[in-house]
Every structure is written in C-alpha cells, then in structure tokens.
Amino acid sequence: MQNFTEVKKFSTAPVFFTAISTILGAVMFLRFGFSVGHVGFLGTMAIILIGHAVTIPTAMAIAEIATNQKVEGGGEYYIISRSFGLVIGSTIGIALYMSQAISVAFYIIAFAEAFNSLFAWLISKYYLPGWLVWVMEQKQSIGIPALLGLTYIMLTRGADLGVKTLYVVVATLGISLAAFFLGQTEYARTHDFNPVETVHTVSKGKEGSSPARIDTVATSEHLPVADSMRGTRSRPAIGPGQPEQPLDAPAEPLIPLGFFTVFAIIFPAFTGMTAGVGLSGDLKDPGRSIPLGTMTATLVGMVIYVFIAYKLAGSASPHDLADTSKLVMADIAWQGWLLIPLGLAAATISSALGSIMVAPRTLQAIARDRIFPTPKVNEWLAKGTGVQDEPFNASIVTIVLAGAFILMGALDSVAQIISMFFMVTYGSLCLISFLNHFAADPSYRPKFKSRWFISLFGALACFGLMFFMESTYALLSIISMIGLYFAIAIWNKDKRSIALIFQGVIFQFSRQLQVFLQKAEKEQARSWRPSAIAVSENSFRRLGAFDLLRWIAHKYGFGTYIHQVHDYLSRDTHLHARECKERLIEMAEASQSNIYVDTIITPSYTAGISQVIQLPGIAGTENNLLIFEFSKNNTEELDNIVDNFNLIKSVEFDIVVLGASERGFGLKKEIHIWITASNYQNANLMILLAYIILGHQEWRKAQIKIFAVYPEDIIESEQERLFMLIQAGQLPISPNNIEFIVRRPDTNTQTIIAQKSRDADLTLVGFRTESVNKKGKVIFEGYENIGNVLFVNTASQKEIK
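Per chain, residue numbering runs from 1 following the sequence as it is written. Selection of residues for local features in this predicted model requires a pLDDT of at least 70, selection of side-chain atom pairs for listing and counting requires 80 or more, and totals for whole chains, interfaces and linings are taken over all residues. Side-chain measures were taken over the full set of non-hydrogen atoms in the model, leaving aside hydrogen atoms and water.

## Digging into the overall build of the protein
Note the threshold: Strands here mean DSSP runs of E at least two residues long; helices mean DSSP runs of H or I at least four residues long; both are numbered from the N terminus. To sort residues, take the accessible area from a 1.4 Å probe on protein chains only and compare it with the maximum for the residue type: under 20% means buried, over 50% means exposed, and anything in between is partly exposed. Residue contacts are defined here by distance: any two heavy atoms, one from each residue, within 4.5 Å place the two residues in contact.
Of regular secondary structure, the protein possesses 29 helices and 10 strands. Of all 801 residues assigned to the protein, the portion counted as buried reaches 55%. For the protein, contacts bridging at least 24 residues in sequence account for 83% of all contacts bridging at least 6.

Pasting the structure below:
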C-alpha cells in the first residue's frame, strides 16, 4: 500500500514547466508582433516592464507564503483562504476557479487558430465542398475534439500523464522558439534597427510593406488570435513554395490603438507564473518547489519576451507586425511554415493542459471547505478517485463549463473579465504578503522573504491596472465579487470569524496607536472625554451598569466593563470567569455596543477595586470615570462602595453610582439634572453625561430638564450666582432651561427630587466627597420611589465649550 509521501511525487520541474508554458502562450505567437508594430520596441519594453511590475511581486509573494506554510491542494485558493478567512478566501477562490476554467476554452480556441494556415492552404490548393469549407471555418471543429482529448487525459490518467504530456509540449515550444531566433529576413538585411518606429510613423506603401495590401489589425475587442479565414477562401497562405494569395474582399483599415489598449491585449502573456501553484497538493516539497519554479519561470519568461520583441522589431516592418491576418513569426522563423504553427499549437495546448490540471483542484478544495450551500454538492465536488485523489467530479464540471464557452465561440469580452479576475487574485496574494509583514506574527517565518514595499506596490499596481486596462470590466468584476461575498456569507454564517491575519494587523495598529497616544501630550480637563470602567458582580441579574456604559461609549467615549467574581483564583474559578466573559461578549454583540468586556477574580471587594482602578485604558488614554451600581431595594450593596470610596478617590477618578430600580430606565423620554448650592461643581459633568447619553439612538427622542433647588432665604443670591456662572461660560446652559425650586425648612432635597422626578427615566444628582465621609450611604438613600438615579461626583471642574 502506498503511503502519503509516495503519492505526492512531483518535484520542481512540473511547477516550472506549467508556469513557463502558460507564460509563453498563444499571446506570444499571435499578438506580440502586434504590440511591436503599434507601440514600437521601446513601447513593448515598457509593456513588459509594467506587466512584470505586477507578476514579479506576485511571484515573490507566492514564494514567501509557500515557504512559511504547507500549501495544500488548491494552490492559490488554499493560500488566500487560509490567510483572509474562508468567506473572503472562497469569494476570491470562486472567481479564480472561473477564470481558470474559462481559460481552458480560451486556450483551446487559440489552439484551433494554429490550424488556420493549413486550412487556408488546403482551400487555396484544392476545390473543396462548401460544407467542408464551412466546417473548417468554425473554431469548434478543432476546439471540441481538442477538449475531448484533454478530457481523456485528465479523467483516465490524471495529473501524472498530464505532466508527462507537459514535457513534450514544452520541448516543442522550445524548438519553435529556437527556429524563430535562427530565422533571417530580407527586411533585417536591408533595414537598420529602429526602437521607436511604429505603424503610426510609417506611411502605407513604404519599403518593407506591400503597397497592394491594406493593413489590418484587431482592436481590443478581438481575441488574441487571428481570424484569418472568416468571410474568404483566399487569405494569405503559408506553405512550402506557396505564394501569398490575393484577398477576395477588402479588409478593415488600420485603427490607431493607445498604449494601455495594447497593454490590455498583451498582458495575458505574463499571467501564468502562478499556474504551477495549483499542483501543490501533488508536490514532494511545496515549500521549495513553488518558490523556485515560480520565480524562475517568471524571470525566464521576461527575458525571452525581451529577446522576442527585439527580434520582431528588427525582422519585419511595423506594418507587417501590426497585420493580424498573417502569422508574422512564421515569416521570420527558419522553417516557420511548419515549426511556428506547431509551437502555437504546443503553447496553447500546454496552457489549456495547465489550466485543466489546476482548475478542478481549485474547485475540489473549495468544496472541501463546504462553501457551497448544499451539502450534497460539496460532497460530490470534493470527491476524489484513486490513490492520488484525482478530482474526477470537479474535472467534469470544469470540462462542461469550458465546452459551453467553446460553443459560444466569441470570448473577447469574457477574456478581459478573466484578466480582471486574475488581477484580483494577484493583488490578493501581494496584499497577503504585505499584511503578514505588518501583522508581525511570530509564527510567520518564511525561508524566502519579499519586502513589504514590493508586496504593497504589487497590490496597488494590480488594482490600479485593472482600471487602466478597462474600467468597465474592472467595475463589473468588483461588483460581481461583492455580490459573491455576501452570498457566501449568507450560506456560511458559521465561517464569518475574523482571519488571523486581520487580527494581527488590528493588534499591531492598536499597539502602535496606544504607544503614540501615551507619548503624545494629553488633552486638558476642559476637553474631557469619558474613558469609563464599569464594575459589577451582578452583570446577569441587573443590566443597568452595562447599558449605561454602552450608551456612554457609543460615540463620544470608551468603555470597559468588568464583571467581578468574588472568589480565590483556581482552575474552576478561571473556567467560570471565562464562561462569564463569553456571555458578556454575546451581550455586547446582541446590543451592538462598542465596549470591551472582561472578568476579574478577586477574594475581596477592596482587592478587586484596587486592580480595576489600575487598569490601562483600552484606547491608549488613561481611564477617568468609574461606574458602580447598586439596587435601591438592597442598600447593603452600598457598604462596599462607601467603604472603598477614599481608595477610589486616591487616583482622582470621576465617580458615578447608579441606583437601579425595578422601573429601570423606563421609556427613555426624560433625563432630569438636579443642581444644589452644595454640589454645583458637579453640574458640568452631569450635563456632559446627559448629552452623551442622548447621543445614543435609544435616547434619541428624550429631552433634558434642569432643576436648581435652594433654601428660601438664599434662592435669590444663588440664582444670581448661577446666572453669573452661566454668563462666564462655566455652565453651558440657557437660563430659560433652568427651573428654580424653593426648598422650605421643613422639606429636604430628596423629597423635592422624588416628587418632581417621579416620572423621569433617569435622574442625575451630584454629591460631594465630604458628604460621603460624613454621612456615609445615607446620601444615596431616599430615592426609592423614582426610577434609576445616577449619583455623580467629579474629580475636577469640567469646562464645556
């Protein structure tokens, strides 16, 4: 019985050959001369450099990621999904699969174009029946049998025979390129090399271009293959001793094309360096084979393209190069009538073979992550056959999809969308590399290291070039990806956890921000912003403190909620505290709050408070507000607060104590603020808290009422003093919004508040530290008949602008 390591038997060579055969594909034969003709040698060099500004960072990113983690089946999809998470990763993965599957049809149609020369020669040499000529003119006549041949290879022999076949076609491709570089032309002997000459700088009829021929080119809407037969039986023929045949009908005149239009046509020539990554599940050592094979193929491909552009520019006129009605490389090459069509066939069939080897494995990996909505579909697509786990069912789906597009015949628009999806994939890989650098995860230790700025440049270049190439298709691609993301998120609600890479980035950003805020100058008290800590041991019996904190932290402040567990630290209490924390997180998510929750195990109330008041602020700022709560039906809970009040005040915290009633926060319609002669210094903090609470949507229909209560003998002087404070800007309220109330000698303040605020949903009352030290918990009593009361004590005078 074979073990797992024996099954995974491929080395670096298949990765290199799969990538290089995809890079040196149909576009090289059918459109590279077109590029040199339109933008010249220097322009083509610019296209090569810009294209590889995307592909080289992507190859480096893949090499880096592959040497850090074991890349399983699915290749690029595995890397993306394990970095970005399954929802985002599968969104990109499905787009990647579609581009790979449709690429099979794209390359097979290009393969069919390799037979145009033969068919044109047969049509011009022999009189053939009309039906046979019609059959020859259809790309499907070669495309469908070619697809069936690839189907037989992949479904019966799997990737093993596919790789063996890959060696043969790569050898054929190498022979055709050698013949091209060995070829000589009359143009090369009679003309000097001109790196800037283009078809636009040469008039028709100039030496080196046939005066009788009307030059034709394809626009960006054409396939990167020449439709050299459609509508005529006497197109130019390439064959031994066969003269060029006259045209039956005039061709379309030359259409000037811009640089990025040509770039969009040529760019698919460079997008093949990651093709070998899809074989990762079949490799002995993916961490070595993927970086070496991918980087080597990318650099070798770039060098070959430079020499091809140089050879084309010096061997044919710009008009001949721009003419897509003939295979100009065949005119240049030694024995080009035979070897170049063979090379074209080899390049296209090898690219199709590479895509048909990779695409089913991508689909199989997606299904094994159970991304699709139906379990039966996932199981059927994930099923493999044989000891090598060949994706038989996924191959059937891929072949049917490719066959449908071959029957459609026209792939020009689809091909451009494919390019967009590939750009999304490459940009994602570069972004993963960049984010891993920024996240600084200790477990991310690749053997091969790219540079963060190279990865960032690659990601930006990918997404930018999408819009330079074709903004319409770029928008369609992005809209499709967004729609697919939401669909997958709905199907897979259990997989919407934040990926580790994003957690690392958020952690590093938060760390840097906190360090920056700690070192920066702090704002003065006049610019007070709440950074609150709420402490309670009754978190699951009373929600008053929890709700108050989330209202304060909703928009203007920061909040930390601490649930106290009164016990000694042990394994059992630790597990209990962890369970409580999970419950608090669920509460925070359900209420859509912006607070941080945690638990603390402490043997005594005093020890717990000592720890809490020393906690660092979660936003990099020091905590400045402490929230306690008690039940007005059980004032014994006040004893702990009063006994530890001086300890709390030792760190100069603002303190609020919530007296919770059975009525709770009522209808959230009215907030009452009470100002007295002895605690007006708390007025600004009470007003600030009231306005902050009103900023939450649950209180959006509420209003604030302010009451000032003074003894009868001093009310006029106190009223005058209060107006002076308002005029001086120390109290940011209008005199018209204050209701002055006379307190008679036989009536205490608590009685007046209980009467006027009996229907209030929240009542704010100030208190002084001296009162707590002198009277104790009595100052918090006497409010049993009204709703929730918030007792406020400020550590310093607050100014409100």
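Picking up where we left off.
## Points about a nonpolar patch on the surface
We count it as follows: A patch consists of residues whose relative accessible area exceeds 30% and which take part in no salt bridge; residues with like charges are grouped when within 9 Å of each other, and nonpolar side chains (Val, Leu, Ile, Met, Phe, Trp, Tyr) when within 5 Å. Each accessible area is a Shrake-Rupley estimate made with a 1.4 Å probe; only the visible protein chains count as cover when residues are assessed. In the sections that follow, a salt bridge refers to a side-chain nitrogen of Lys or Arg positioned within 4 Å of a carboxyl oxygen of Asp or Glu.
Taken together, Phe467, Leu475, Ile478, Ile479, Ile482, Tyr485 and Phe486 make up a surface patch of nonpolar side chains, about 660 Å² in accessible area. Looking at which element gives the most residues to the nonpolar patch, the answer is helix H19 (residues 471-491), with six residues. Along the polypeptide, isoleucine 482 turns up in helix H19.

## Considering the nonpolar core
Definition in use: What we call a nonpolar core is a set of buried Ala, Val, Leu, Ile, Met, Phe, Trp, Tyr and Cys residues that are connected through their side-chain atoms within 4.5 Å.
In terms of nonpolar packing, the biggest core is built from 121 residues, with Leu24, Phe29, Phe32, Phe270, Tyr305, Ile308 and Leu312 touching the most fellow members. Top contributing element to this core by residue count: helix H3 (residues 26-66), with 20 residues. Those residues in contact with phenylalanine 270 that sit more than four places away from it in its chain are Ile23, Phe32, Ile47, Ile48, Gly51, His52, Thr55 and Tyr305.

## Thoughts on the packing of aromatic side chains
Formally: Pairing of aromatic rings covers Phe, Tyr and the six-membered ring of Trp, with a centre-to-centre limit of 6.5 Å; geometry is then stacked below 30 degrees between planes, edge-to-face above 60, and tilted otherwise. Here, a charge over a ring means that NZ of Lys or CZ of Arg falls within 6 Å of the ring centre while also lying within 35 degrees of the ring normal.
Under the defined criterion, the tally for this structure stands at 23 aromatic pairs. By the ring-pair criterion, three or more aromatic residues cluster together here, those being Phe630, Phe645, Phe767, Phe780, Tyr783 and Phe791. In this arrangement the basic side chain of arginine 583 is found over the ring face of phenylalanine 540, its NZ or CZ atom lying 3.9 Å from the centre.

## Comments concerning the pairing of strand S5 (residues 654-660)
Basically, it comes down to this: In this scheme, strands are said to pair when DSSP sees at least two bridges between them.
Burial analysis of S5 places seven of its seven residues in the buried class, which makes it a mostly covered element. Where strand S4 (residues 625-631) and S5 come together, seven bridges link them in parallel fashion. Across the sheet, glutamate 629 pairs through a bridge with leucine 658, a residue of S5. Of the pairings in the sheet, the one linking S5 to strand S10 (residues 788-793) comprises five bridges and is antiparallel in character. The residue bridging valine 657 from the neighbouring strand is phenylalanine 791, located in S10.

## Structural notes on the packing of helix H5 (residues 86-113) against helix H16 (residues 392-408)
The description of two packed helices rests on the angle between their axes and on the distance between the axes. The cut-off we apply is this: Axis definition: a line fit to C-alpha positions, over the contact stretch in the case of helices; interaxial angles, taken between N-to-C directions, run 0 to 180 degrees. With respect to orientation, any angle under 35 degrees is reported as roughly parallel, any angle over 145 as roughly antiparallel, any angle of 65 to 115 as roughly perpendicular, and every other angle as oblique. Helix crossings fall into two classes, left-handed where the near helix is turned counterclockwise from the far one by less than a right angle and right-handed where it is turned clockwise. Ten residues, namely Ala, Val, Leu, Ile, Met, Phe, Trp, Tyr, Cys and Pro, are considered nonpolar, four, namely Asp, Glu, Lys and Arg, are considered charged, and the remaining ones, Gly among them, are considered polar.
The contact between H5 and H16 brings their axes to 8 Å, and the two run at 50°. With respect to H16, the element H5 is oriented oblique. The two elements H5 and H16 cross, and the hand of that crossing is right-handed. When H5 is examined against H16, the residues Tyr97, Met98, Ala101, Ile102, Val104, Ala105, Ile108 and Ile109 are found in contact with a partner set consisting of Ala394, Val397, Thr398, Leu401, Ala402, Phe405 and Ile406. For the contact of H5 with H16, the residue count by class is 14 nonpolar, one polar and no charged.

## Regarding the sheet that holds strand S9 (residues 762-766)
In spatial order, the strands read S3-S2-S1-S4-S5-S10-S9-S6-S7-S8; together these 10 strands make up an open sheet with mixed pairing. Each of the sheet's edge strands pairs with one partner strand only, and the pair in question is strand S3 (595-602) and strand S8 (738-743). With direction set aside, neighbouring strand axes in the sheet form an average angle of 25°. By the bridge criterion, five bridges tie S9 to S10 in an arrangement that is parallel. Across the sheet, residue threonine 763 finds its bridge partner in S10, namely valine 789. Strand contacts of helix H22 (residues 571-590): strand S2 (558-566) and S3, with the helix running at about 160° to S3, the strand carrying the most contacts.

## With respect to the side chain of lysine 311
Note the following rule: The charged-residue count follows a simple rule in which Lys and Arg add positive charge and Asp and Glu add negative charge, with His and chain termini not counted at all. Think of a polar contact as two N or O atoms within 3.5 Å of one another; within protein, one of them needs to be a possible hydrogen donor and the other a possible acceptor, and neighboring residues in sequence only count if both atoms come from side chains.
You can see lysine 311 is positioned in helix H11 (residues 286-315). For the buried lysine 311, no salt bridge exists, and the shortest N-O distance to an oppositely charged side chain is 13 Å, to glutamate 186. At 2.6 Å, the side chain of lysine 311 forms a polar contact with the backbone oxygen of glycine 183. Residues in contact with lysine 311, not counting those within four places in the same chain, are Phe180, Phe181, Gly183, Gln184 and Ile332.

## Remarks on helix H10 (residues 259-266)
Taken together, the buried positions of H10 are Val262, Phe263, Ala264, Ile265 and Ile266. The inward-facing, buried residues of H10 abut H3 and helix H18 (452-469).

## Quick word on unusual backbone geometry
Trans is the common state for peptide bonds, and a negative phi is the common state for residues other than glycine. The residue glutamine 335 is not glycine, and still its phi comes out positive at about 55°. In this structure, glutamine 335 sits in the loop between helix H13 (328-332) and helix H14 (336-368). Even without being glycine, lysine 668 reaches a positive phi, approximately 55°. Counting through the fold element by element, lysine 668 comes out in the loop between S5 and strand S6 (670-676). By relative accessible area, lysine 668 is classed as partly exposed at 21%.

## With respect to the pattern of salt bridges
Inspection of every chain in the model, using the stated rule, returns 10 salt bridges. Across the salt bridge formed by arginine 663 and aspartate 761, the nearest N and O atoms sit 3.5 Å from each other. Of this pair, arginine 663 sits in the loop between S5 and S6 while aspartate 761 sits in the loop between helix H28 (749-756) and S9, placing them 98 residues apart in sequence. Residue aspartate 761 is classed as buried on the basis of its relative accessible area of 2%. The shortest N-O distance in the salt bridge between glutamate 739 and lysine 756 comes to 3.0 Å. One end of the pair, glutamate 739, is in strand S8; the other, lysine 756, is in helix H28, and 17 residues separate them in sequence. Residue glutamate 739 is classed as partly exposed on the basis of its relative accessible area, which comes to 35%.

## What about the side chain of serine 771?
Among the secondary structure elements, serine 771 is positioned in helix H29 (residues 769-775). For serine 771, the residues in contact, after removing those within four places along its chain, are Gly776 and Ile779.

## Quick look at the confidence of the model for the protein
Which entries qualify depends on this criterion: Confidence scores per residue from the predictor, reported as pLDDT, run from 0 to 100.
On average, residues of the protein score 79 in pLDDT, and 83% of them are at 70 or above. The model gives residues 1-7 a pLDDT under 50, and that stretch makes six contacts with residues more than four places away or in other chains. Confidence over residues 203-252 falls short of pLDDT 50; this stretch has 117 contacts with residues more than four positions distant or in other chains.

## Description of H28
Here H28 has its buried residues at Thr749, Ile752, Ile753 and Ala754. Residues of H28 that are buried in the fold lie against S6, strand S7 (703-711), S8 and S9.

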